[in-house]
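# Residue-level structure breakdown
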Amino acid sequence: MKLFLQSLALSAGFLLSAHGFAQTYTATPPTKPAASAPAPAATTGAMTAKPAAPATTDAMTAPTKKASNSTSKMPATAAPGGGEGKVWVNTASKTYHCAGTKYYGKTKAGEYMTEADAKAKGNHADHKKACS
């Protein structure tokens, strides 16, 4: 019976730790009574809480690689469209970028239009450098 309770508590501990709980429960062995004291009729183990040992695997301890800021914020290739006489307007920041510059066609939100249309809609040039 004692072995069954211990294995049950151990199984419950693995189950609980797998779900993010930080405690496992194990049965403590009953203490032997002193020679002069009468023996109790039935002795059961008390349940005590102990912190769970963290389960570590290579996947959990291996450092994760983070993408560099330049690749995570903009796509590697420019959006289709654009071309001669067109600027890329970042609609989120209201900034337009000239053809051949770093952010031309590569910001998350944007559209191509002529520089005159971009200025007419209240957009401003990147770093205050007009394309034409």
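Remember, predicted model here, so these are calculated numbers, not experimental data.

Rules used in this analysis
- Residues numbered from 1 in each chain as written.
- Predicted model: local features only at pLDDT ≥ 70, side-chain atom pairs only at ≥ 80, totals over all residues.
- Heavy atoms only, no water.
- Pairing = 2+ DSSP bridges.
- Helix = DSSP H or I, 4+ residues; strand = E, 2+ residues; numbered from the N terminus.
- Disulfide = S-S within 2.5 Å.
- Phe/Tyr/Trp six-rings, centres within 6.5 Å; stacked < 30°, edge-to-face > 60°.
- Buried < 20%, exposed > 50% of the residue type's maximum accessible area, 1.4 Å probe, protein only.
- Polar contact = N/O pair within 3.5 Å; in protein donor to acceptor, adjacent residues only side chain to side chain.
- Contact = heavy atoms within 4.5 Å.
- Salt bridge = Lys/Arg side-chain N within 4 Å of Asp/Glu carboxyl O.

### Some thoughts on the sheet that holds strand S5 (residues 110–114)
Sheets are built from strands paired through backbone hydrogen bonds, the pairs being either parallel or antiparallel. The mixed open sheet is built from 4 strands, whose spatial order is S5-S3-S4-S6. Edge positions in the open sheet fall to S5 and strand S6 (124–125), since each of these has one partner strand only. Where strand S4 (residues 95–97) and S6 come together, 2 bridges link them in parallel fashion. By the bridge assignment for S6, Thr-95 is matched with His-124.

### Let's talk about the state of the cysteines
Tallied over the entire structure, the rule returns 1 disulfide. Across a sulfur-sulfur distance of 1.7 Å, Cys-98 and Cys-131 are joined as a disulfide pair. Note on the Cys-98 and Cys-131 pair: the S-S dihedral is about -95°, so by sign convention the disulfide is left-handed. With Cys-98 in the loop between S4 and S5 and Cys-131 in the segment after S6, this pair connects stretches of sequence that are 33 residues apart.

### Things to note about the packing of aromatic side chains
For the coordinates displayed, the defined rule picks out 2 aromatic pairs. Relative to Tyr-112, the ring of Trp-88 has its centre 4.7 Å away and its plane inclined at 70°; by these criteria the two rings are edge-to-face. Of this pair, Trp-88 sits in strand S3 (residues 86–90) while Tyr-112 sits in strand S5, and the two are 24 residues apart along the sequence. With a relative accessible area of 5%, Trp-88 lands in the buried category. Site record: aromatic cluster; members linked through ring pairs are Trp-88, Tyr-104 and Tyr-112.

### Remarks on the side chain of Asn-90
Secondary-structure assignment places Asn-90 in strand S3. Exposure remark for Asn-90: the relative accessible area of 12% places this residue in the buried category. Here Ala-92 takes part through its backbone nitrogen, which lies 3.0 Å from a polar atom of the side chain of Asn-90.

### What to know about the side chain of Thr-95
Looking at the secondary structure, you find Thr-95 in strand S4. Among the polar contacts made by the side chain of Thr-95, one reaches the side chain of Ser-93 at a distance of 3.2 Å. Of the polar contacts made by the side chain of Thr-95, one reaches the side chain of His-124; its length is 3.1 Å. Dropping the residues within four chain positions of it, Thr-95 is found in contact with Trp-88, Val-89, Asn-90, Asn-123, His-124, Ala-125 and Asp-126.

### Some points on the pattern of salt bridges
In this structure the tally under the stated criterion is 1 salt bridge. Residue Lys-119 pairs with Glu-115 through a salt bridge whose shortest N-O separation is 3.9 Å. Taken as a pair, Lys-119 and Glu-115 lie in helix H4 (residues 115–120) at a separation of 4 residues, close to a single helical turn.

### Details of the environment of Lys-129
With respect to the element layout, Lys-129 can be found in the segment after S6. According to the relative accessible area criterion, Lys-129 is exposed, its value standing at 59%. Sequence spacing of Lys-129 and His-97 is 32 residues, and the spatial spacing of their C-alpha atoms is 9.1 Å.

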